[in-house]
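Observations on the model geometry
As a plain string of letters, each chain reads:
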Amino acid sequence: KEDTEKRQIVELIRKLPKLDKIFEVHKKIGEGTFSSVYLGSLRQHCHLSDKEKKWFAIKHLVPTAHPARIEHELRCLQDMGGKNNVIGVELCLRHMDTIVFIMPYIPHKKFSEYVGDMDAAELQRYMRALLSALQHVHSFGVIHRDVKPSNFLYDRENQRYLLIDFGLAQRICYEPEPEPNIGSRKRPRDEDGVANDAKRAALDLSVGTPRPQPVEGFRPPEVLLCVARQGCGVDVWAAGVVLASVLCRRYPLFRGADDAAALAELADFLGTRSLRDAAQHLGRRLVTSTERRGLCLRRLVARLRGEQLPERYARRAAPATRASGAAGAAAAAAAAACHSCRSCRLRAEHCVCRDDDQKAEEWAEGV
Ligand code: ADP
Ligand code: MG
C-alpha cells in the first residue's frame, strides 16, 4: 500500500511540477470518491521541526470530474470557507487536467474512535459546531449534501472542527417540483438544439436533478425518493443521523445497501406511517408490504448503551406494559387514545414503549 501511495505522489508531482517547487508532499491522508488527499508542508520550512511547520491538506481531484463541478467546489471554498468551522482554500494549482486545492490541515481521528465515548457536554459542543457550520453554508443558499463524519473533521485535543468537501454541494432549489414530462428531466439545449455539456453541468449545480449521493446512511427521504426539490433539510437530517449515532454509540447507524433498503430501515426506525406521510408531502407514493410502528429513540438508546431508562420513564410506561386484566386494558386504551406517548412523546401509533419491546430488541440486534 505504501509503495502504491508513493507512486501516486511521484505521479502527481510529475504531472504538476509547480506543486513540488512549493511543497513537500509527505503521505496520503485520505481518499474519497472524487479525490485523493495528501499531507504537505512548505519547502521553505524544511529546516523547521514538525511542530513548527505549517501543514496543509493537498486535495487532488480526479481528472474525470467535470470542470464546472471542480469550479463550483472551489467557489464554495473561496466564498464561504475560512470561518464558522468551514474549510477555506489557500491556493489552487493546475496544469492541464491535474488540479489540486491546498487547504489548511487539521489533525483528526476517525469517528469510530470517539463515537462510543463522547459525554453530553462534548456532544453538545460537537453538534453546535456542526450546526453552526451548516447555518453558515445555508446562509449562502447552498446545501452541502454530503454531511457525514468523514466530512466534518474533529480535532479532539484542541476542540477544533472543520466542515470539508463541497464536491456534492448544490444551490437550494426554491422552484416548485416540475410537472412530470416537462422541466428538469429534459436536457437544457443551446440555440442550435444541441445539448451543451458545460451549460448543463452549470445548471445542475443550481437546480434540477441533484447529483447522486454516495450510498451511505445519511440520506433523507427526499433524496431516497429522488425528489428534485431539495433544501437545507438534507444537511440537517444528516446532522441528526450523526447525533443519533453518538447517542446510540453505533456507527454506521444505517447501512442500507440501496435506496429501497435504506427506506426500509427508515420505516423500521420511524414507523411506516410517518414515512408514508413524508413521501406524500413530497409528492411521492410509498407502498409497504407490512406496517411498522417505529422505535422509541429514548428506549433504543438506553438499550444500546446498556443503560437503565431513568426511573420516571420506566414508571410512566408501566401501566400499559405491566398491568393486566380490566385495569390493564383500560390503561392501554387510555394510553392509545392520547395523542402522544408520555414516555417517549411519539404519537401513540408510533410508540413501542407499551407492548413492542421485542421489536426494538430485534432491530437493535440488527444494528
Ligand atoms: P472526497 O471529495 O474525495 O470525499 P474529501 O475532501 O472529503 O474528499 O477528503 C477525503 C479525506 O481526506 C477526508 O475524509 C479526510 O480524512 C482527509 N482530509 C481532507 N481534507 C483534510 C484537511 N483539511 N485536513 C485533514 N484531513 C483532510
Ligand atoms: Mg469526502
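Higher on the page you've got the structure.
Just so it is clear, the structure is predicted and the values come from calculations on it, not from any experiment.

Attention now goes to the packing of aromatic side chains. Under the criterion given, the structure shown has 12 aromatic pairs. Taken together, a centroid distance of 4.8 Å and an interplanar angle of 85° make the contact between F111 and Y251 edge-to-face. Residue F111 is found in helix α4 (residues 111–114), and its partner Y251 is found in the loop between α8 (233–248) and α9 (259–270); the two are separated by 140 residues along the sequence. Under the relative-accessibility criterion, F111 is labelled buried at 6%. Consider the rings of Y114 and Y126, whose centres lie 6.3 Å apart with planes at 65°: the pair is edge-to-face. Placement of Y114 in helix α4 and of Y126 in helix α5 (residues 120–138) is noted, with a sequence separation of 12 residues between them. Side by side, Y114 and Y126 carry an identical accessibility label, which is buried. Put simply, the rings of F111, Y114, Y126, F152, Y154, Y161, F218 and Y251 touch in pairs and so form one group of aromatic residues.

A word on the pairing of strand β7 (residues 152–155). Both faces of β7 are covered, namely the face carrying F152 and Y154 and the face carrying L153 and D155. Of the strand pairs in this sheet, β7 and strand β8 (residues 160–163) are connected by 4 bridges, and their pairing is antiparallel. Its bridge partner lying in β8, Y154 is registered against Y161. The antiparallel hairpin formed by β7 and β8 contains 4 residues in its connecting segment, where Q159 sits at a positive phi of about 50°.

Residues F101, Y126 and F166 are the most contacted members of the largest nonpolar core, which totals 62 residues. By residue number, the principal contributor to this core is α5, which donates 8 residues. Among the nonpolar cores identified, the runner-up in size contains 13 residues, and I9, L12, F56 and I58 belong to it.

Protein-derived coordination of the magnesium ion (ligand 2) comes from N151 (OD1) and D165 (OD), at a distance range of 2.1 to 2.3 Å. Of this pair, N151 sits in the loop between β6 (142–143) and β7 while D165 sits in the loop between β8 and β9 (170–171); the two residues are 14 residues apart in sequence, bridging distant segments of the chain. On the accessibility criterion, N151 (4% relative accessible area) is buried.

The next subject is the site of ligand 1. Taken together, 19 residues surround ligand 1, and among them S35, K59, P104, S150 and D165 come closest. Residue G32 places a main-chain N or O atom 3.3 Å away from an oxygen atom belonging to ligand 1. Contact with the protein chains hides 92% of the accessible area of ligand 1, taken as 550 Å² for the molecule alone. Breaking the shell around ligand 1 down by element, the ones donating at least two residues are β1 (23–31), β2 (35–42) and β3 (55–61). In terms of residue class, the shell around ligand 1 is built from 10 nonpolar, 7 polar and 2 charged.

Successive side chains on a regular strand alternate, one facing one side of the sheet and the next facing the other. Summarising burial for strand β5 (residues 98–104): 6 of the 7 residues are buried, a large majority. Bridge count between β3 and β5: 5 bridges; the pairing is antiparallel. Residue pairing in the sheet places I58 in a bridge with I102 of β5. Pairing analysis gives 5 bridges linking strand β4 (residues 91–95) to β5, with the strands arranged antiparallel. Following the sheet pairing, R94 is matched in β5 by I99. Here β4 hands over to β5 after 2 residues, with M96 in that stretch at a positive phi of 55°.

About the thresholds
Residues numbered from 1 in each chain as written. Chains lettered and ligands numbered in written order. Predicted model: local features only at pLDDT ≥ 70, side-chain atom pairs only at ≥ 80, totals over all residues. Heavy atoms only, no water. Phe/Tyr/Trp six-rings, centres within 6.5 Å; stacked < 30°, edge-to-face > 60°. Helix = DSSP H or I, 4+ residues; strand = E, 2+ residues; numbered from the N terminus. Buried < 20%, exposed > 50% of the residue type's maximum accessible area, 1.4 Å probe, protein only. Pairing = 2+ DSSP bridges. Core = buried A, V, L, I, M, F, W, Y, C linked by side-chain atoms within 4.5 Å. Donors = N, O, S within 2.8 Å, 3.2 Å for Na, K, Ca; no water. Near = heavy atom within 4 Å. Polar contact = N/O pair within 3.5 Å; in protein donor to acceptor, adjacent residues only side chain to side chain. Areas by Shrake-Rupley, 256 points an atom, 1.4 Å probe, with all protein chains shown as cover. Nonpolar A, V, L, I, M, F, W, Y, C, P; charged D, E, K, R; others polar.

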